[in-house]
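The chain contents come next:
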Amino acid sequence: MVDILHGSKTAEQHGRHPRRRERLTLGAFLRRFTGVDEKILASVPQERSRYTSLGGVVVSTALIAGASMLGALTLLSHASPLYLVPVAVLWGLIIANVDRFLITSLHGDNDGWSRWGNVLIRLALAIVIGVFIAEPLTLKIFQERLDRQIMVERDQAISLTESRYKQCNPLKGPSPSGVNCNGYLLDGGDQALAVEGNMTQRQSTLKAAEDQLAADIAEHGRLERLRDQECYGKDTDQTTGIPGDGPECKIRKNALNTFLANHDISQQQADVAKLRAQIGSLAADRAGVEEERAAALSKKIAEHVEEKKRAYTDIGLLDRWEALGTVAGQSGMVNFAHWLLRIIFVLLDCMPIISKMLNGRTEYDRLLTQELRAGAACHEAELNFTTRQTTGDYEIKLREKERQLKAERGRIDRDQRVDEASRDDEIDRLARTFMSSMPTQR
């Protein structure tokens, strides 16, 4: 590569000329998607066709990815395709950039487990991207079949919901036992329940009264028959066979009279008739409230069914995805086509990596490695030069600073000595003056 600091001089040292602006051709445009350096590739022009084809694979994968995204967006949104195309183009550019990164990371003649580890990781990433591209296109291809399946399943769900509501909320009678009606019970009105409960209570009372009346009538007939048999002298195992108003006849008469005194059959018959009349009136009332309850339940069931239908107005991407699994399970042909498309798109997205690995280490890879090493060596030399130059400048400045400090210390020492000499002279002068001013002793 051309050294930024040294410019064309460094390029000439490496035997190349600086990069020149060239006209962008279709081949150069495709090769840009492989991340190759046209300046290095110019040294081995025989490799251009290989990397042009590899760039074409990347562009094809990006176009398929964009078409897949456009298909997915049309399934998700009812907007005009003109508004969805920019998003699809952006997605295609993202996939192209990812594939370009995957290919670029394999340039060079590095070998060993690290290279194969990178290949496996990038291949796994390519497979994930391929699956993500394949599914929307598969859904778009089978859209009509999937929509039919979804409509059938929704009709079945609506019918099942309506049937469960009707089963758990019968228009007449209680809800059936053994049916899970959680979330399906509806309120048909308190009046119908009150009439139904009152009628059930009256019917229970009538049943008890009718049973008691039947038992009393039977007992009255038995006692009356025993009295007649005894008083008329009919010989049975329960009578004496002696006619007349004898003691046994009187006992039978007393037993019959006591029973009649304690059991008013006429009143019981009147009560039973009254209860029957009341139940008949309640039956007429129940018929009216049952009609109201049936109308209320029918209306509520229709509302819940309509609400279920409104929830199924749109068909989403996840709905089609679930339907694809159902249709694939029902039809072996659909399942085969689904997997075939998935494998094709996965292979297409993996083709850039597979093509790069099938090509092996090319002359371009060898030159690129040399270029990288030369660039690294130049950078290291430049860094060492800059470092040494900077440290040398600082050493010179340090020496100059030390010299200045030394000169300054000398000047200070000289000034100090001068000051000390001046002070000594001043002291001597003052001493002489003092001695001269002293009186002379005789």
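My aim in this report is to walk through the structure given alongside it, one point at a time.

Criteria and cut-off values
Residues numbered from 1 in each chain as written. Predicted model: local features only at pLDDT ≥ 70, side-chain atom pairs only at ≥ 80, totals over all residues. Heavy atoms only, no water. Helix = DSSP H or I, 4+ residues; strand = E, 2+ residues; numbered from the N terminus. Buried < 20%, exposed > 50% of the residue type's maximum accessible area, 1.4 Å probe, protein only. Contact = heavy atoms within 4.5 Å. Areas by Shrake-Rupley, 256 points an atom, 1.4 Å probe, with all protein chains shown as cover. Phe/Tyr/Trp six-rings, centres within 6.5 Å; stacked < 30°, edge-to-face > 60°. Disulfide = S-S within 2.5 Å. Expected span 1.5 Å × (residues − 1). 1 Å grid on protein atoms, 1.4 Å probe; cavity = no way out; pocket = protein on both sides within 12 Å on 5 of 7 lines; lining within 4 Å. Points joined across faces, edges and corners; volume = space filled by probe spheres on them. Salt bridge = Lys/Arg side-chain N within 4 Å of Asp/Glu carboxyl O. Patch = residues over 30% accessible without salt bridge, like charges linked within 9 Å, V, L, I, M, F, W, Y side chains within 5 Å. Axes fitted to C-alpha atoms, helices over the stretch in contact; angles between N-to-C directions. Left-handed = near helix turned anticlockwise from the far one by under 90°. Nonpolar A, V, L, I, M, F, W, Y, C, P; charged D, E, K, R; others polar. Arc of directions from axis to C-beta. Lys, Arg positive; Asp, Glu negative; His and termini not counted. Charge placed at Lys NZ, Arg CZ, Asp CG, Glu CD.

**Here's the deal with the overall build of the protein**
- A tally of regular secondary structure across the protein gives 13 helices and zero strands.
- The secondary structure elements of the protein, listed N-terminal to C-terminal, are α-α-α-α-α-α-α-α-α-α-α-α-α.
- Per-residue burial for the protein yields a buried fraction of 30% across its 442 residues.
- Counted over contacts in the protein with a minimum sequence separation of 6, partners at least 24 positions apart contribute 72%.
- Entry remark: accessible area of the protein is about 29,100 Å², with carbon and sulfur atoms responsible for 57%.

**Overview of the packing of aromatic side chains**
- Within this structure, the stated rule accounts for one aromatic pair.
- Between phenylalanine 29 and phenylalanine 33, the ring centres sit 5.2 Å apart and the planes meet at 80 degrees, which makes this aromatic pair edge-to-face.

**Some points on the state of the cysteines**
- Under the counting rule described, the total for this entry stands at one disulfide.
- Between the sulfur atoms of cysteine 231 and its disulfide mate cysteine 249 the distance is 1.6 Å. In this structure the cystine formed by cysteine 231 and cysteine 249 twists about its S-S bond by roughly 90 degrees; its chirality is therefore right-handed. Of this pair, cysteine 231 sits in helix α8 (residues 190-231) while cysteine 249 is found in helix α9 (residues 247-262), placing the two residues 18 residues apart along the sequence.
- Residue cysteine 231 is classed as buried on the basis of its relative accessible area, which comes to 15%.
- Its relative accessible area of 2% is what places cysteine 249 among the buried residues.

**Quick word on helix α5 (residues 81-104)**
- Given a rise of 1.5 Å per residue, 24 residues ought to cover 34 Å, and the 34 Å separating the end C-alpha atoms of α5 matches this to within 8%.
- Buried residues of α5: Leu84, Ala88, Trp91, Gly92, Ile95, Ala96, Asp99, Leu102 and Ile103, and no others.

**Quick look at empty space enclosed by the protein**
- Per the counting criterion, the structure on display carries one cavity of 30 Å³ or more.
- Considered as a void within the structure, the largest cavity measures approximately 30 Å³ in volume.
- The wall of the largest cavity is formed by Thr61, Ile64, Ala65, Ile133, Phe345, Leu348 and Asp349.
- Elements that contribute at least two residues to the lining of the largest cavity include exactly α4 (48-76) and α12 (332-359).

**Here we look at the pattern of salt bridges**
- This structure, assessed with the given rule, holds eleven salt bridges.
- Here lysine 207 and aspartate 211 are joined by a salt bridge, their closest N and O atoms 2.9 Å apart. In this pair, lysine 207 and aspartate 211 are both assigned in helix α8, four residues apart and thus about one turn of the helix distant.
- Residue class for lysine 207 comes out partly exposed when judged on its relative accessible area of 47%.
- Bridged by salt links that share partners, the residues Glu408, Arg411 and Asp415 form one connected network.

**With respect to the environment of valine 44**
- Turning to its location among the elements, valine 44 is positioned in the loop between α3 (38-41) and α4.
- For the pair valine 44 and glutamate 363, spaced 319 residues apart in the sequence, the C-alpha separation amounts to 7.1 Å.

**Some thoughts on a nonpolar patch on the surface**
- A surface patch of nonpolar side chains, about 480 Å² in accessible area, is lined by Met333, Phe336, Leu340, Ile344 and Leu348.
- Secondary-structure assignment places phenylalanine 336 in helix α12.

**A few points about the packing of α4 against α5**
- At a minimum axis separation of 7 Å, α4 and α5 run at an interaxial angle of 145 degrees. When the axes of α4 and α5 are compared, the crossing they make is right-handed. Across from Leu54, Val58, Thr61, Ala62, Ala65, Gly66, Met69, Leu70, Leu73 and Thr74 in α4, the residues of α5 making contact are Pro81, Leu84, Val85, Val87, Ala88, Trp91, Gly92, Ile95, Ala96, Asp99 and Ile103.
- Across the contact of α4 with α5, the residue classes break down as 16 nonpolar, four polar and one charged.

**Description of helix α11 (residues 317-330)**
- Along its 14 residues, α11 runs 20 Å from first to last C-alpha, staying within 8% of the 20 Å computed at 1.5 Å per residue.
- Taken as a whole, α11 has its buried residues at Leu317, Arg320, Ala323, Leu324, Val327 and Ala328. Taken end-on, α11 shows its buried residues confined to a sector of 140 degrees, consistent with a single buried face. Opposite the buried face of α11, by more than 90 degrees, sit the exposed residues Leu318, Glu322, Gly329 and Gln330.

**Regarding a negative patch on the surface**
- On the surface, a cluster of negative charge is contributed by Asp419, Glu420, Asp424, Asp425 and Asp428.
- With respect to the helices and strands, aspartate 425 occurs in helix α13 (residues 363-436).

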